[in-house]
Amino acid sequence: MSTLQLADSSLHYEESGHGIPVLLLHGLGSSGADWELVTPRLSGNYRLLVPDARGHGTSGKPPGTYGVPLFARDVAALCDALGLKKVHVVGLSMGGMMGFQLAVDRPDLVRSLVIVNSGPELVARTLRRKFEFALRLTLLRLLGPAGLARVLAPKLFPKPEQESLRQRAIAAFSANAPDAYLRATRGLVGWSVLSRLKDITCPVLVVHSERDYTPLASKQAYVELLPDARLTVLADSGHAAPLDQPEALCDAVEVFLREVDGAAAGSTPGVRAGP
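Residues numbered from 1 in each chain as written. Predicted model: local features only at pLDDT ≥ 70, side-chain atom pairs only at ≥ 80, totals over all residues. Heavy atoms only, no water.

(A) Highlighting unusual backbone geometry. The backbone of Asn117 shows a phi angle near 50 degrees, a positive value even though the residue is not glycine. Of note, Asn117 is situated in the loop between strand E6 (110-116) and helix H4 (127-156). Within the chain, Asp236 stands out as a residue other than glycine whose phi angle is a positive 55 degrees. Here Asp236 lies in the loop between strand E8 (229-234) and helix H8 (241-244). (Helix = DSSP H or I, 4+ residues; strand = E, 2+ residues; numbered from the N terminus.)

(B) Main features of the pairing of strand E1 (residues 2-5). The sheet contact formed by E1 and strand E2 (residues 10-16) spans four bridges and is antiparallel. The residue bridging Gln5 from the neighbouring strand is Ser10, located in E2. (Pairing = 2+ DSSP bridges.)

(C) Structural detail: the confidence of the model for the protein chain. Across the protein chain, pLDDT averages 94, with 97% of residues at or above 70. Across residues 268-275, confidence stays below pLDDT 50; counting only partners more than four residues off in sequence or on other chains, it has 14 contacts. (pLDDT = per-residue confidence, 0-100. Contact = heavy atoms within 4.5 Å.)

(D) Representation of the packing of H4 against helix H6 (residues 178-188). At a closest axis distance of 10 Å, the pairing of H4 and H6 adopts a crossing angle of 110 degrees. With respect to H6, the element H4 is oriented roughly perpendicular. Once H4 is placed against H6, the crossing between them reads as right-handed. Residue-level inspection shows Arg136, Leu137, Leu140, Arg141, Pro145, Leu148 and Leu152 of H4 in contact with H6, the latter providing Pro178, Tyr181, Leu182, Thr185 and Arg186. The residue inventory of the contact of H4 with H6, partitioned by class, reads eight nonpolar, one polar and three charged. (Axes fitted to C-alpha atoms, helices over the stretch in contact; angles between N-to-C directions. Parallel < 35°, antiparallel > 145°, perpendicular 65-115°, else oblique. Left-handed = near helix turned anticlockwise from the far one by under 90°. Nonpolar A, V, L, I, M, F, W, Y, C, P; charged D, E, K, R; others polar.)

(E) Representation of helix H9 (residues 246-265) in the model. Taking 1.5 Å per residue as the helical rise, H9 with its 20 residues ought to reach 28 Å, and the 28 Å between its terminal C-alpha atoms agrees with that figure. Among all positions in H9, only Pro246, Leu249, Cys250, Ala252, Val253, Glu254, Phe256, Leu257, Val260 and Asp261 are buried. (Expected span 1.5 Å × (residues − 1). Buried < 20%, exposed > 50% of the residue type's maximum accessible area, 1.4 Å probe, protein only.)

(F) Here's a closer look at the side chain of His56. When you line up the elements, His56 lands in the loop between strand E4 (47-51) and helix H2 (68-81). Sequence-distant contacts of His56, defined by excluding residues within four places in its chain, comprise His26, Gly27, Leu28, Gly29, Ser30, Lys61, Phe71, Met94, Asn176 and Ala184.

(G) The arrangement of the nonpolar core in detail. Counting 61 residues, the largest nonpolar core has Phe100 and Ile200 as its most contacted members. If one sorts the elements of this core by residue count, H2 sits on top with eight residues. When residues no more than four places from it in sequence are discounted, the contact partners of Phe100 are Leu113, Ile115, Gly119, Pro120, Trp191, Val193, Leu197, Ile200 and Tyr222. Of all hydrophobic cores here, the second largest spans 22 residues; its members include Leu24, Leu48, Ala241 and Leu249. (Core = buried A, V, L, I, M, F, W, Y, C linked by side-chain atoms within 4.5 Å.)

(H) Summary view of the packing of aromatic side chains. Scanning the entire structure with this criterion turns up two aromatic pairs. Ring centres of Phe100 and Tyr222 lie 5.7 Å apart, and the angle between their planes is 80 degrees; on these two criteria the pair is classed as edge-to-face. Taken together, the residues span a long stretch of sequence, with Phe100 in helix H3 (residues 94-105) and Tyr222 in helix H7 (residues 216-223) at a distance of 122 residues. Like Tyr222, Phe100 is buried. Note that Arg183 overlies the ring of Tyr66, its terminal NZ or CZ placed 4.4 Å from the centroid. (Phe/Tyr/Trp six-rings, centres within 6.5 Å; stacked < 30°, edge-to-face > 60°. Lys NZ or Arg CZ within 6 Å of the ring centre and 35° of its normal.)

(I) A look at the pairing of strand E5 (residues 87-92). For E5, a buried count of six out of six residues is recorded, marking the element as mostly surrounded by other parts of the structure. The side-chain alternation of E5 yields two buried faces, one formed by Val87, Val89 and Gly91 and the other by His88, Val90 and Leu92. Relative to E5, strand E3 (residues 21-25) runs parallel, the two sharing four bridges. For Leu25, the partnering residue across the bridge sits in E5 and is Gly91. Across six bridges, E5 lies against E6 in parallel orientation. Pairing of His88 across the sheet is with Ser112, part of E6. Each parallel crossover has a hand, and for E5 linked through H3 to E6 it is right-handed. (Right-handed = clockwise from strand over helix to strand, strands pointing away.)

The structure is reproduced here in structure tokens:
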């Protein structure tokens, strides 16, 4: 357990393993614990860095407006403080948004990008999406984190045998500071780097779960805008893939990272490595 002191906050992170560094970035209203079923396996071959985003987990929760660019700057500051130059970035949901932001703002830091059940924008382009965003914010204001957790947990883990995962999700979401959670949620709405995808030249793996909130077609659409990207599908998985399908996710991530690192090792000057 370590803490980086930022100018206006603190960033808690866990570190394990050795080798090429890998950042694991969690989802909204959660923490680095999103990855607790993944880290034991990946740490056998990689140096893992698992931060709690500002306003989440045991990181600082200073006043002010939150948002994806700020979350990404905090993570970039962590990499800079540790002297990391090229990092594999793996992000779930909000963590995937942070990954996209890092890739466009600090391409020098990003060796490759793995996006799990996420996308390059959270913009309400239809009446239905506007309603969904408004409903989420309203429920959070009225019910607080604990009440919203009881709504979200069955959607994340709908199977009868997933009761322990439902209870885990309720405990995790309920632990959020209400004001920080609300500001983090507001900070995601309207965010977009869609127009900048063409500038992301590192290899990208997009992971889609069969039961994710957003359809496969929406991910296929933005994959086509990325210069060097592929898409894979996790069977029998919902939005929280690191928890309901950790082994299958690790399989996909490890194959991708090995290909990226192998191509980089065999590249020649002036030729960009890719999978």
